[in-house]
Amino acid sequence: MAVDLGELLVPYMPTVRVPRTGDRVFKSECAFSFDSPESEGGLYVCMNTFLGFGREHVERHYRKTGQSVYMHLKRHVKAKATGAAGGAIPRRRNGKVFLDLELNRDFNGQDYEYEDEAKLVIFPDHFEIPLPNIEELPALVTIACDAALNAPSAYKKQEPESWEEEIQVSRHARSLRQLDNGVRIPPSGWKCQKCVMRENLWLNLTDGAVLCGKWFFDGSGGNGHALDHYKETKYPLAVKIETITPDGADVYSFEEEEAVLDPHISEHLSHFGIDKLQMQKKTENGHHTENNSRPRVSEWEVIQESGMKLKAVFGSGYTGIKNLGNSCYLGTVMQVLFSIPDFQRMYVGNLQRIFDYSPLDPSQDFATQMAKLGHGLLSGQHSKPPMKSELIEQVMKEESKVLNWHQQKGVPPRMLKALVGRGHPEFSSNRQQDAHEFLLHIINMVERNSAGLENPSDIFRFLVEERVQCCQTRQVRYSQRVDYCIQLPAPIEAATNREELMAYETKRRDAEENMQAPPEPVRARIPFTACLQAFTEPENVPDFWSSALQAKSAAVKTSRFASFPEYLVLQIKKFTFGVDWVPKKLDLAIDVPDFLDLSRLRAIGLQASEEELPDLLPPIMLAEDTRDNSMSSIDSPEIDEAAVMQLAEMGFPLEACRKAVYYTGNMGTEMAFNWIIAHMEEPDFAEPLTLPSIMDPGPSTSDSPVSATLLSNLPPEESIAILTSMGFPRAHSIQALKATNNNLERALDWIFIHPEVEASDALSDMADTEPNDNAFSNANSHSDSTLSPDRDASGPRVKDGPGRYELFAFISHMGASTMSGHYVCHIKKEGRWVIYNDHKVCLSERPPKDLGYIYFYHRLSSS
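Residues numbered from 1 in each chain as written. Predicted model: local features only at pLDDT ≥ 70, side-chain atom pairs only at ≥ 80, totals over all residues. Heavy atoms only, no water.

Caption draft 1: Expanded view of the sheet that holds strand β6 (residues 201-204). In space, the five strands of this open sheet follow the order β7-β6-β8-β9-β10, with antiparallel pairing throughout. The sheet is open, and its two borders are formed by β7 (210-212) and β10 (258-260), each paired with just one other strand. Geometrically, the sheet is characterised by an average inter-axis angle of 40° between neighbouring strands, direction not taken into account. Pairing of strand β9 (residues 251-253) with β10 involves three bridges; the strand directions are antiparallel. Bridge assignment links V251 to a residue of β10, and that residue is V260. (Pairing = 2+ DSSP bridges. Helix = DSSP H or I, 4+ residues; strand = E, 2+ residues; numbered from the N terminus. Axes fitted to C-alpha atoms, helices over the stretch in contact; angles between N-to-C directions.)

Caption draft 2: Looking closely at the confidence of the model for the protein. Considering every residue of the protein, the mean pLDDT works out to 79; 76% of them sit at 70 or more. Contacts from residues 778-794, a stretch scored under 50 in pLDDT, to residues over four places away or in other chains number 59 contacts. (pLDDT = per-residue confidence, 0-100. Contact = heavy atoms within 4.5 Å.)

Caption draft 3: Seen up close, the side chain of Q335. Following the sequence through the fold, Q335 ends up in helix α7 (residues 328-337). Residue classification places Q335 among the buried positions, given a relative accessible area of 4%. Here Q335 is in contact with T319, G320, I321, L377, C825, I827 and Y836, once residues within four sequence places are set aside. (Buried < 20%, exposed > 50% of the residue type's maximum accessible area, 1.4 Å probe, protein only.)

Caption draft 4: Examining helix α14 (residues 435-448) more closely. Compared with the 20 Å implied by 1.5 Å per residue over 14 residues, the 20 Å span of α14 between its first and last C-alpha is a close match. Counting buried positions along α14 gives twelve out of 14 residues, so the element sits mostly inside the fold. Of the positions making up α14, those classed as buried are A435, H436, F438, L439, L440, H441, I442, I443, N444, M445, V446 and E447. Of the residues that open α14, the one with a side-chain oxygen 3.0 Å from the backbone nitrogen of H436 is D434. (Expected span 1.5 Å × (residues − 1). Polar contact = N/O pair within 3.5 Å; in protein donor to acceptor, adjacent residues only side chain to side chain.)

Caption draft 5: Highlighting the pattern of salt bridges. Using the criterion set out here, one finds 29 salt bridges in the structure. Between E117 and K119 there is a salt bridge, and its shortest N-O distance comes to 3.8 Å. For E117, a relative accessible area of 31% puts it in the partly exposed group. E255 is the salt-bridge partner of R171, the closest N and O atoms lying 2.7 Å from each other. Of the two residues, R171 is situated in the loop between α3 (139-150) and β6 and E255 in the loop between β9 and β10; the sequence distance between them amounts to 84 residues. Judged by relative accessible area, R171 falls into the exposed class, the value being 56%. Residue class for E255 comes out partly exposed when judged on its relative accessible area of 34%. Overlapping salt bridges bring together D342, R345, E454, E566 and K799 as one network. (Salt bridge = Lys/Arg side-chain N within 4 Å of Asp/Glu carboxyl O.)

Written as structure tokens, this is what we have:
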């Protein structure tokens, strides 16, 4: 009896949707696995959510959502018969190939042919309807199926929405006058020329003045000196320094009062010695390389172990990761992480629970995508040795010399890359990135998504004890902070082949002067002990405010381990910026040991012979051009009376207005107004402004939260006001802002993840007043809020133990900078070193441990 398909589909019609603009149709990969239309079971695409599912996971989606209509896609790949004429890969106009999919590059288009098959499947009975079937299917279903088949890849970048305003070219760009005043902008260490701000800095493109911008609600701070400079000089264009990349920069026109385009930005920046935009790049075979630079042949060959007959390995833990085009930084980091038992246990050991409790859109769930990749790497399903017949076929085609490299296809981490890169200006792009920065980013993502659960990134967390000593009084202050990685300097002056390096430098300069070919590069050989020694040396602290002197003084800072992590991450600081802002890599080799003992770097805390610096309130630091260093300004604080009167005219008490202007550092009416809103419910809101006498260096009382907190380290008062206006306690808001480098958006995220702590704990967490610019990585400067510790009665979560370690993995970089080149990693498994080079996995014959970039150690047992 013939089935009436229209009648059969009537109950399901309300659930069938036609893809709209902006809908992503996942027809090339399963949300839970790496199944695709080329897999044995094909791929099922839900006709309501347009998510794709492999045969093993489609039932789960049906049970969870009740969605019954799926389009089943299957691509059959067949070898051409012997003697068949070769040809180009069939195009979509071929009736047998109609799926808009990326063809598998591992197949040779001249030796294989493709045939696509599509059909509707009705669950739970698995009733199948072949497609196309225009005559019998309802029009809506036919349109929906055709639209899904014709939809672009889910991973293509969406075009900007029509409502987005297009940025226009500035009318000043072409005729911009630049002063020949000799100003050169260094590649780091920027600071506003009129205050102490080091963030939200703008470079005026006429005279090279570096000044701060306005304060904005996204957490970026500033005192508006860039705008004041325009009002004084009428120099119209400025570029935000932090946004300068080889692809462009953010330019603002003060005269036009909007963000603008500057087609000549490269020339305008070059005027001040910034040649970053002049770098020409190209991409070859998914590896980002440079034009106009000498190929680093020896480095590429040594790190990839080229020229050696490497034996391919297969099975669980030996699956490669396909390079999606400059994604090797992601592949190497994820290979190392999933070689660690804690990550395996969290994501692969809990696979079924994670999948069963995943949200309706698992492609947007971090735990699901981590579990998906972990299972793909560890299951062995995607790393099977070739069949004997395939080996014979390869030999007959005279391709045996590359046989070991091309048997694995590797798993493509498209969904994970799209998810972890979403909203990130660098990791969302297809450009090459720094593997170290991505490691910190992924640790942050793990932290953010492990609230209330086992957190595998705990194994990297450790406490750093910082000791700062005032050079004049010899008094000290101790503080602790959390970190995840050690950054080891590479002192070139300690190279064992210094004479050879000096001779090379002489030859290089002579070759440049005589316009001859440069000599063969010489690699600096630096002892690991020299790197460790440079790491432990004391560091000068500029502009240190000594509470004993009540004034700025010179200080010295040393850092030691207050705890040792279970897994130690060690980064070699190989990358730097030249004077022309072009990033470059130091060519060096370091004899990194297999076993490492850091026990002597254990912190010992305050000693009996040491005297602590007083816990005193420092003066409010105003802009450098509005106050001098005399202490009389504290007894008679300078207050912008014009701002006070503006606030008073709004109806606020005069004394409250004076306090608001004072506590926001005379930064303007807007900030003072925010302070008033945040404090107007306090009982002493309208009381006169009173300040402690700095001439009386007695201890601060614990009765007042302000007294217990060093105000020089407080976040901007306006940011605190915004959070407290949302109902969050002031102490908790301050802690959140401190944990996120005063970024409001991330601070909100931090507050929701971290429960409120006791006030005494929060205040003790505010005691760090010194900068974190040292050899330990400042994780908060690289990534999001949750790299800060959870604070509770027992302190941060750390897994302390002995400081003795063994090397088990390292990531190496080839190329001239982190913005180019290629990454591979070596991991020690089952007592042997294995090289992971994208999808290629082989036993390592000669692991280049002296050329690594990031090293991973695991703690040795105490026995």
